[in-house]
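# Structure assessment
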Number of protein chains: 2
Amino acid sequence: MSDQLNYNMEVIKVEKSRINDVDFNNLSFGKIFSDHMLICTYKNGAWNAPKIVPYQSLTLDPSTKIFHYGQAIFEGLKAYKDSNNDVFLFRPDENCKRLNISAKRMAIPELPEAYFMDGLKALLQVDKDWIPTQDGSSLYVRPFIFASGRGFHASPSDEYTFIIATAPSGPYFSGKVTVLIEEHYSRSANGGVGYAKAAGNYAGQFYPTQLAVEKGYNQVIWTDDNTHEYIEEAGAMNIFIRINDTLITSPTSDRILDGVTRKSIIDIAKSEGIPVDVRKITVSEVIEAANNGTLKEIFGAGTAAVVSPISGFGFKNKDYILPELENPYANKLKKRITDIQTNKAEDAFGWRVKV
Amino acid sequence: MSDQLNYNMEVIKVEKSRINDVDFNNLSFGKIFSDHMLICTYKNGAWNAPKIVPYQSLTLDPSTKIFHYGQAIFEGLKAYKDSNNDVFLFRPDENCKRLNISAKRMAIPELPEAYFMDGLKALLQVDKDWIPTQDGSSLYVRPFIFASGRGFHASPSDEYTFIIATAPSGPYFSGKVTVLIEEHYSRSANGGVGYAKAAGNYAGQFYPTQLAVEKGYNQVIWTDDNTHEYIEEAGAMNIFIRINDTLITSPTSDRILDGVTRKSIIDIAKSEGIPVDVRKITVSEVIEAANNGTLKEIFGAGTAAVVSPISGFGFKNKDYILPELENPYANKLKKRITDIQTNKAEDAFGWRVKV
Ligand SMILES: Cc1ncc(COP(=O)(O)O)c(C=O)c1O
Ligand SMILES: Cc1ncc(COP(=O)(O)O)c(C=O)c1O
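Residues numbered from 1 in each chain as written. Chains lettered and ligands numbered in written order. Predicted model: local features only at pLDDT ≥ 70, side-chain atom pairs only at ≥ 80, totals over all residues. Heavy atoms only, no water.

Another point: the UniProt feature "modified residue: N6-(pyridoxal phosphate)lysine" (unreviewed entry) in chain A. Residues and elements named next belong to chain A. The sites that carry the UniProt feature "modified residue: N6-(pyridoxal phosphate)lysine" (unreviewed entry) are, in the present numbering, Lys197. Structurally, the position occupied by Lys197 is in the loop between strand E11 (177-181) and helix H4 (199-214). For Lys197, the contacting residues outside a window of four places in its chain are Ala72, Ile73, Phe74, Glu75, Gly76, Arg98, Ser102, Tyr202 and Leu257. (UniProt positions renumbered as here; feature names shortened; annotations may be inferred. Helix = DSSP H or I, 4+ residues; strand = E, 2+ residues; numbered from the N terminus. Contact = heavy atoms within 4.5 Å.)

Put into structure tokens, the structure is as follows:
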């Protein structure tokens, strides 16, 4: 990937930056937006060249298809700045590829890779000052595409809008995370859209998650919709389960998102000599391991939450507490991935991309 | 339901109507919008009183949750005008109830019934002239709610917008309809959101439907995601299958939309002495009936397409042609329901609502 844009990107800058209004020491997640955004529209059968403009509202007709048919996809990645003020991304090509995998499933025209990669880098150069350096903070980057064509006919849109917006953000979760293993609701179907970062997948999780929150949990762990016996993933994280010394994670499928963090953690764990088993894992197996003391850790892995240790889970009206280990895999793996991401450690995998 | 609004609805009328630009003899479906719309917002924990305003664009921040998480639901019904210029709706209370069923599943705050019913009637009074009277035409009414709050956190919005927009429309399908019985993709999961009119359900159908269209079919008939053995429904229609003299339709479930047309057709058919069987029906049974000549009709039933006879279907690379009957149930039932809707026949069921 070149550092040079291979075409002249139009950049319209803000007259006055909003950056001085921001308290970078007290960032929440995804609530404050940087000065600029990238925008690119699809019309008459083609994506137009992206441009960078001041972060601004969109004007849309009430019949715009996104409101009615949820034809939209997104990505999520983070930009980091090291002590030299150099800017880094983590495996952004994976997000670009996945965006187009999601696009295909949602009948959205695929986006030229260069529009994504060059556009992203150009945007980060313009808004470099917005990248926080505080521990646990980063610039959350949100590329998304939505159906911006009009009409009530339930069919794909003829126009789309691709935007990259960025938000200086603190941690996604605050404090310990407990989860509820879901026995009734489900997130995705065989032959469905679960493997895509399709907008509607997330709305569908809100109500079951609210019910879990009312019961005192932070998140739902989704199981397959047919038997509810297989552990799939959490709201925006893939799930790792450590039994004895082995780290187990479900294989991806058309129901499970192929997370960038998940596959990076698998590689890092292997390189650390941790035995990793990518296989289906049943709820019964986890309960049995909890009961006989071999269940050591559960953690979520995802861009927003990085590596998120789970302190306990509920299943069939019973609560299970995870042991507090001295040197959990989660901490070690989180440090390893974060150090690579933030240019604090060597990157033997070639994942880090300098902007 | 009273004809009087029980509060004073604010109405801001257009300065100049666009109605003279419309060719009412050549209407497509859902592409032209009437002069006004109803709008109602949810903020600080409550729905504000709806008002009627000129149909107009919405201004939304790029972080608005609808773009990212597809938290949106909709309804679809039709308004008709008889030769006396009286305006009628068909079972609008069912749409209102279903909107709130969808709302609950999608973690959207339920809308007060009066806001829906009184708002709808007031809007139709204002835009009465937009209701077409041409055969097969009607005013398509689209109530919808979308997440209008901001932020990249994958959690329910704190603000919502409810809009009713209307579109003078012609038939949804033109010509014969053929369908493909789906063997790989699916529309909904057990414990999922299939029974809700959730925006994302529709986007998820676009790609498999495109594949079917490329093979020469108009629509997909969805089957269960686990075995693909059970007939569920079509894109925006419930499905009826006539074997010998019996009309069979699948029971509704958490995967299947509880269609207003479906339940009305069941009642009308029964009142006509047609044997109706609400039960699960397998693809194998339909194929067997096609092969032994007992399969007489398949038709879809839904607000947009009314009763839509299917002339043939594909399954496992084989095409099956439905016989051309002299007096198909579909025609009879379509006439009966349309006559009730348009005030051309007595309404023994009490379904018609005068606006
Ligand atoms: C459903 C789902 N699973 C898993 C993940 C983790 O994927 P990644 O590590 O690429 O962020 C995400 C979030 O991005 C997600 O939305
Ligand atoms: C998925 C689905 N099934 C069935 C229907 C038919 O329902 P109704 O008869 O209430 O329009 C619709 C359309 O509204 C639908 O979207």
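Our focus in this paragraph is the site of ligand 1. All names here are of chain A. Close to ligand 1 lie 16 residues, the nearest being Lys197, Tyr202, Glu233, Thr261 and Thr303. Here an oxygen atom of ligand 1 and a side-chain polar atom of Tyr202 are 2.4 Å apart. Separating an oxygen atom of ligand 1 from a side-chain N or O atom of Thr303 is a distance of 2.6 Å. Mapped by element, the contributors of at least two residues to the shell around ligand 1 are helix H5 (260-271) and strand E17 (295-302). Residue classes in the shell around ligand 1 are distributed as six nonpolar, six polar and four charged. (Near = heavy atom within 4 Å. Polar contact = N/O pair within 3.5 Å; in protein donor to acceptor, adjacent residues only side chain to side chain. Nonpolar A, V, L, I, M, F, W, Y, C, P; charged D, E, K, R; others polar.)

Another aspect to go through is helix H4 (residues 199-214) of chain B. Two residues of an α-helix separated by three or four positions point the same way, owing to the 3.6 residues in each turn. Residue and element names in this part refer to chain B. Taking 1.5 Å as the rise per residue, H4 with 16 residues should run 22 Å; its terminal C-alpha atoms sit 24 Å apart, in good agreement. Phe206 marks the point of greatest bend in H4, at about 35 degrees, and the proline Pro208 comes within the next four residues. For H4, a buried count of 12 out of 16 residues is recorded, marking the element as mostly surrounded by other parts of the structure. When we look at burial in H4, the residues that qualify are Ala199, Gly200, Asn201, Tyr202, Ala203, Gly204, Gln205, Phe206, Tyr207, Pro208, Thr209 and Ala212. Immediately downstream of H4, the backbone of Gly216 shows phi near 100 degrees, a positive value. (Expected span 1.5 Å × (residues − 1). Bend = angle between axes of the 7 residues up to and from the residue. Buried < 20%, exposed > 50% of the residue type's maximum accessible area, 1.4 Å probe, protein only.)

It is worth spelling out unusual backbone geometry at this point. A negative phi angle is the norm for most residues apart from glycine, just as the trans form is the norm for most peptide bonds. Residue and element names in this part refer to chain A. A positive phi angle, near 55 degrees, is found at Val306, a position not held by glycine. Mapped onto the elements, Val306 comes out in strand E18 (residues 306-315). You can call Val306 buried: its relative accessible area is 15%.

In this complex, chain B contributes 60 residues to the contact, which on the side of chain A involves 60 residues. Between chain B and chain A lies a buried interface of about 5,300 Å² when both sides are counted; carbon and sulfur atoms form 62% of it. Taken as a group, B:Phe67, B:Phe152 and B:Phe206 account for 15% of the area that chain B buries against chain A, more than any other trio of residues on that side. Viewed at the interface, chain A and chain B are joined by zero salt bridges. Connecting chain B to chain A are 25 residue pairs in polar contact (both at pLDDT 80 or more). If you list the elements that add at least two residues to the side of chain B that touches chain A, you get strand E5 (58-60), helix H1 (65-69), strand E6 (72-74), helix H2 (92-105), strand E9 (138-147), strand E10 (160-169) and H4 of chain B. (Buried area = accessible area lost by both parts, 1.4 Å probe. Salt bridge = Lys/Arg side-chain N within 4 Å of Asp/Glu carboxyl O.)

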